[in-house]
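The primary structure of each chain is shown beneath.
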Amino acid sequence: VFLSSFATYADPKSSATRIVAQWPNVFVLDRGAGKVYRYVVDDVGSRAAPFGENAGGILKAGDKFADRTIADLIDLFWNETGRLVALERSGIFLQYDLQTGKWTPRAASDAPKWKSATLASGYTGNLYLLDPLANQILKYVPGSDGGWSASTTYFQPGVSANLSDAADIAIDGDVWVLRANANILRYVAGKPADFAVRELDPPLAKPNALFTTAALSSLYLADAGNRRIVQIDKVSGKFQRQFRPSGQFGDAFNALQSLAVDETNRRFFIVSGKTAYLATIPQ
């Protein structure tokens, strides 16, 4: 794939752990530096630039909302209700309105449960928080005010899950968890379901990002150890395609960290090391 870089994170503390695409907007969570950035893809779809005057980010540690101060941002995802959602360690969830450019913060009623959460995702308005220490996923259903109330546990009674090395989570109705040991776990209605990757050579090595949605028939994985993106059929587990950088960006995947896929507009959005890229998905 031919890449176009659109952002570099020079802060020594930078660690961009999540990229979220909602065409033509792209958002990046730099968890290390405690910032969220917004970019807009141009009409041609070849470049992205910071939105408006927000080159320094649209949210950062130290920002204050009433009596709350933002500190440790956990994760970032797009909510199907039309809002970007950022989660903060103390139990604050912030929803970002694209039209007004403003954040609306609210507090979860069981904030202490967020202390060991590491990953988050959303589906049909619900919030899911993965807690590797508890080997559990917390599920929040929105209330009448649009906020998330107290959680329930996602897994059915008696289900034992090992999430201690979870690297990423994606939800398309089923819950997919990528483990650092290269195993992909699939859960349906809180129970494990069979899934195995087939015909992939070489096998996954240090994968650290997983992407799918209900509209996609594939899983996309950032296979950091092999410096590639891998596409796998969600039903059969069969390997479909792999993607590596071309031309002057040949080394761009040396430190893959996060991945988002827009099949409709045929674009990858990638963070590798301290650089964010977009690329056209080959036919």
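Please refer to the structure higher up on the page.
Treat the numbers as computed from the prediction; the structure is a model and nothing was measured.

Calculation notes
Residues numbered from 1 in each chain as written. Predicted model: local features only at pLDDT ≥ 70, side-chain atom pairs only at ≥ 80, totals over all residues. Heavy atoms only, no water. Phe/Tyr/Trp six-rings, centres within 6.5 Å; stacked < 30°, edge-to-face > 60°. Helix = DSSP H or I, 4+ residues; strand = E, 2+ residues; numbered from the N terminus. Buried < 20%, exposed > 50% of the residue type's maximum accessible area, 1.4 Å probe, protein only. Lys NZ or Arg CZ within 6 Å of the ring centre and 35° of its normal. 1 Å grid on protein atoms, 1.4 Å probe; cavity = no way out; pocket = protein on both sides within 12 Å on 5 of 7 lines; lining within 4 Å. Points joined across faces, edges and corners; volume = space filled by probe spheres on them. Contact = heavy atoms within 4.5 Å. Core = buried A, V, L, I, M, F, W, Y, C linked by side-chain atoms within 4.5 Å. Polar contact = N/O pair within 3.5 Å; in protein donor to acceptor, adjacent residues only side chain to side chain. Salt bridge = Lys/Arg side-chain N within 4 Å of Asp/Glu carboxyl O.

Trainee: Looking at this model, I keep getting lost on the packing of aromatic side chains. Mind explaining?
Mentor: Each aromatic ring pair is described using two quantities: the centre-to-centre distance and the angle formed by the ring planes. All told, the structure shown has 16 aromatic pairs when counted by the stated rule. Aromatic pair F249 and Y277: ring centres 5.7 Å apart, planes at 80°, arrangement edge-to-face. Residue F249 is found in the loop between β24 (239-243) and β25 (256-262), and its partner Y277 is found in strand β27 (residues 275-280); the two are separated by 28 residues along the sequence. By relative accessible area, Y277 is classed as buried at 8%. One aromatic cluster in this structure is built from F6, Y9, Y37 and Y39. Looking at R38, its charged tip hangs above the ring of F51, at a distance of 3.6 Å from the centre.

Trainee: I keep staring at the layout of surface pockets and nothing clicks. Help me out?
Mentor: The gaps of empty space that remain are located by a probe, the size of a water molecule, rolled over the atoms. Put simply, the largest pocket is a space of about 740 Å³. Every residue lining the largest pocket is counted, 30 residues in all, and those nearest its centre are A21, W78, F211, T212 and T213. Going through the elements one at a time, β2 (16-22), β9 (73-79), β13 (119-123), β17 (166-171), β21 (207-211) and β25 are the ones with two or more residues in the lining of the largest pocket. Per element, the largest residue contribution to the lining of the largest pocket is 5 residues, and it comes from β2.

Trainee: How do you make sense of the environment of T81 when you look at a structure like this?
Mentor: Along the chain, T81 turns up in the loop between β9 and β10 (83-88). Taking the C-alpha atoms as reference points, T81 and G125, 44 residues apart in sequence, are found 6.1 Å from one another.

Trainee: Even after reading the chapter, I still don't get the side chain of N79, so can you show me in this structure?
Mentor: Along the chain, N79 turns up in strand β9. Given the relative accessible area of 2%, N79 is considered buried. What N79 contacts, discounting residues up to four positions off in sequence, is V85, Q95, G125 and W148.

Trainee: Explanation requested: the nonpolar core in the structure shown.
Mentor: Soluble, globular proteins show a tendency: their nonpolar side chains are buried together. With 37 residues, the main nonpolar core has L3, F6, Y39, Y220, L259, F268 and I270 as its most contacted residues. Ranked by size, the runner-up nonpolar core spans 18 residues in total, among them V20, F27, W78 and I92.

Trainee: What's the story with the side chain of N25 in this structure? I'm lost.
Mentor: Here N25 is to be found in strand β3 (residues 25-30). Looking at N25, its side chain comes within polar contact range of the side chain of R38, at 3.0 Å. Residues contacting N25, with those up to four places away along its chain left out, are V20, R38, Y39, V40 and L98.

Trainee: Can you help me understand the pattern of salt bridges in this one?
Mentor: Taken as a whole and judged by the stated rule, the model has 13 salt bridges. Here D110 makes a salt bridge to K113, at a shortest N to O gap of 3.9 Å. Classification of D110 by relative accessible area gives buried; the value is 10%. One salt bridge in this structure joins R179 and D165, with 2.7 Å as the shortest N-O distance. Taken as a pair, R179 in strand β18 (residues 175-179) and D165 in the loop between β16 (152-153) and β17 lie far apart in primary sequence, 14 residues in all. On the basis of relative accessible area, R179 is assigned to the buried category, the value being 13%. Taking the relative accessible area as the measure of exposure, D165 reaches 23% and is therefore partly exposed.

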